[in-house]
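Chain and residue survey
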Amino acid sequence: MKFRTLASALAMSTAVTAVLPALPAQAASHREAPMIAMDPSADITDVYAFVSYDEENLARAPEDRRVTFIMNVIPGQDPGDGPNYFNFSDEVLYEIHIDNDKDGVADDVTYQFSFETESRPVFGTRDTPLAYVGNPALAAAGLGGITALDGPGSEGMAQRQTYRVTEVRGKRSVELFSADNLVAVPSNVGPATMPDYEDLAAQGIYQESGRRVFAGQRAETFYIDLGAVFDTVNLRRPVPALSVEEDFNDFVDPFGVNRFSGFNVHTIAIEVPISEITVDGKSFEETAVPVIGMYASTSRRAIRNFTANGKTQANGPFRQIARMANPLFNELLIDTPFKDQWNASEPEDEAQFQPLFQDPTLATALNLIFGLGVPAAPRTDLTSLLLKYQGQPLNGTDCGDPCSELLRLDLRTTPTPAEQQSRLGLALSGGADLNGWPNGRRPNDDVTDIAIRVVGGSLYANARIGDGVNGLQDAPGAGTDDGPGYGEVPGNLLDTTANGIAKEFPFLPTPHDGRNRQHVDCDEEGANFCDEPIVSEGS
């Protein structure tokens with residue numbers, strides 16, 4: 001096996017620990033590795049890459065289309081968790097890396113995001129124990145509600161984050177967006193503090209030179225019956241799990257319980273012209289390489305010192321502590337002793353981990369649980385799908401060179417309008433939708449069902465194995481359609497399909513607000529029974 005020694009892996013884990021702050025573990029998922037679970041602000045929950053599918057982009061000539069990259073962090077945010085709401089970290093470097101020449105090294109274009117938090121006095125010169133202050137009863141004091149990210153209407157933002165976006169190409173770095181302050185959209189506290197949150201969030205969309213950027217809170221779009229999946233694939237229905245009708249219905253959850261229903265996440269989204277990321281700066285029709293690979297990473301500085309006032313100050317070079325490209329890769333394919341090492345390694349060094357997906361433990365577990373049989377090891381199908389560009393040969397049963405774990409996107413594919421998107425996408429929709437993971441990834445792609453069937457093999461696809469969660473029907477604003485203009489026209493709402501697909505940039509629904517989102521106890525209306533487990537037909 002081509003692993004480094006266990007001692008080497010432990011040494012790598014120790015090095016990663018040195019750059020993590022002393023933070024308590026959070027009650028969240030996407031906790032794909034032991035150490036990053038203790039650092040939510042650097043914990044990458046999901047990564048998306050797709051040709052934008054809003055009405056404006058669909059109307060563009062193909063050579064003028066845009067592509068969107070999204071990374072989410074800080075998993076499992078309960079909307080009401082104040083008074084210290086959720087923020088990006090000032091000490092974390094957030095990056096989106098792009099490989100545009102198919103060499104497996106994603107250093108051709110990098111977008112870097114760095115944040116700075118400021119404390120702002122309210123009630124004149126006084127500080128406040130609340131991060132955000134607003135109530136109609138305080139209107140006389142100028143704190144009737146936060147209606148702006150900057151200037152008049154922003155007085156109640158006792159804590160505010162601004163950020164910078166830097167594009168790196170080789171040794172050349174350029175700061176994008178000339179606005180004095182790019183302001184991160186704060187958590188959705190509630191209707192008194194933020195009386196028109198959608199309009200407030202729309203102000204956080206910045207546009208310039210064909211690019212758009214957004215940073216702030218959004219509704220969690222990753223949907224999964226997490227309790228059933230991580231109860232060692234104790235799904236709530238036996239084989240066949242979903243009927244044909246249920247499998248192709250993206251508007252009803254047949255039997256699963258979505259762990260992330262009602263929770264929020266923090267999002268960095270950037271949209272750029274396709275010609276800005278191709279190897280030769282041309283449109284996808286003209287470029288020599290129309291397929292890109294990408295991943296997202298978070299890094300902290302290697303050294304943390306105490307200053308005279310007792311605060312910590314980070315310095316030294318940045319060290320990567322988390323990365324993500326394909327969804328569920330670390331969670332489901334990397335065995336626990338190597339998860340932290342995997343997070344700190346570069347995608348182009350993936351060959352050292354290939355025994356884990358040539359003979360994945362998950363496939364063994366699926367075979368024992370469902371008894372359907374799985375493809376024999378070594379799994380060259382997984383190696384080709386996840387570590388190679390289409391057409392790149394393997395070296396026998398080994399990955400060969402290049403060997404890089406990247407999320408790959410064919411820029412030539414016409415984007416599918418939101419209303420026509422299939423949760424099973426390219427992988428399993430029978431050709432109805434040529435987009436979606438593993439051709440990039442969109443927020444509504446049901447990566448849980450796809451991953452189980454891809455790792456399990458064709459018999460699992462035929463048996464329609466899945467967790468029974470098929471969409472985001474409870475997303476705030478689901479069913480809204482007042483036409484394009486979100487982020488450009490004051491008062492325009494974020495258009496969102498009935499099953500929770502946001503149709504406009506930043507392509508993630510409005511977050512749940514802290515006051516009105518509740519988790520009910522078992523004896524309250526609409527809750528689960530107090531004395532009976534959740535069961536479904538066929539269980």
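The preceding data block contains the structure.
Cut-offs used in this document
Residues numbered from 1 in each chain as written. Predicted model: local features only at pLDDT ≥ 70, side-chain atom pairs only at ≥ 80, totals over all residues. Heavy atoms only, no water. Helix = DSSP H or I, 4+ residues; strand = E, 2+ residues; numbered from the N terminus. Buried < 20%, exposed > 50% of the residue type's maximum accessible area, 1.4 Å probe, protein only. Polar contact = N/O pair within 3.5 Å; in protein donor to acceptor, adjacent residues only side chain to side chain. Contact = heavy atoms within 4.5 Å. Salt bridge = Lys/Arg side-chain N within 4 Å of Asp/Glu carboxyl O. Arc of directions from axis to C-beta. Axes fitted to C-alpha atoms, helices over the stretch in contact; angles between N-to-C directions. Parallel < 35°, antiparallel > 145°, perpendicular 65-115°, else oblique. Nonpolar A, V, L, I, M, F, W, Y, C, P; charged D, E, K, R; others polar.

It is worth spelling out the side chain of asparagine 57 at this point. Turning to its location among the elements, asparagine 57 is positioned in helix H2 (residues 55-58). The exposure class assigned to asparagine 57 is buried, which follows from its relative accessible area of 0%. Among the polar contacts made by the side chain of asparagine 57, one reaches the main-chain carbonyl oxygen of serine 52 at a distance of 2.7 Å. In this structure the side chain of asparagine 57 is engaged in a polar contact, spanning 2.9 Å, whose partner is the side chain of arginine 60. Not counting residues up to four positions away in its chain, the partners in contact with asparagine 57 are Val51, Ser52, Asp64, Arg65 and Arg66.

Another aspect to go through is the environment of glycine 373. Residue position: glycine 373 is located in the loop between helix H9 (361-370) and helix H10 (380-387). Spatially, the C-alpha atom of glycine 373 lies 8.9 Å from that of alanine 363, the residues being 10 residues apart in sequence. Setting aside its immediate chain neighbours within four residues, glycine 373 contacts Asn367, Gly456, Leu459 and Tyr460.

To continue, consider the pattern of salt bridges. Counting across every chain of the model gives 27 salt bridges. Its salt-bridge partner being arginine 164, residue glutamate 175 comes within 2.9 Å of it at the nearest N-O pair. Of this pair, glutamate 175 sits in strand E6 (residues 172-176) while arginine 164 sits in strand E5 (residues 159-169); the two residues are 11 residues apart in sequence, bridging distant segments of the chain. Note that arginine 211 is salt-bridged to glutamate 276, the shortest N-O span being 2.8 Å. Here arginine 211, found in strand E9 (residues 211-219), pairs with glutamate 276, found in the loop between strand E10 (264-273) and strand E11 (291-306); they are 65 residues apart in sequence, far enough to count as distant. The network of salt bridges with shared partners includes Asp247, Asp250, Arg423, Asp446, Asp449 and Arg453.

The subject of this paragraph is H10. Listing the buried residues of H10 in full gives Leu382, Thr383, Leu386 and Leu387. Projected down its long axis, H10 shows its buried positions confined to an angular sector of 100°, all on one face. Tucked into the core, H10 has its buried residues touching helix H6 (329-333), helix H8 (354-358), strand E13 (407-410) and helix H12 (447-456).

Structurally, the position occupied by threonine 416 is in the loop between E13 and helix H11 (425-428). According to the relative accessible area criterion, threonine 416 is buried, its value standing at 10%. The residues touching threonine 416, leaving out its near neighbours within four places in the chain, are Tyr53, Gln421, Asp433, Asn435 and Arg442.

The axes of two packed helices give the description: the angle between them and the distance between them. Two elements in contact, H9 and H12, have axes separated by 9 Å at closest approach and are oriented at 90°. Here H12 runs roughly perpendicular to H9, going by the angle between their axes. Of the residues in H12, those touching H9 at Leu362, Ala363 and Leu366 are Ile452, Val455 and Gly456. Grouping the constituent residues of the contact of H9 with H12 by class yields 5 nonpolar, 1 polar and no charged.

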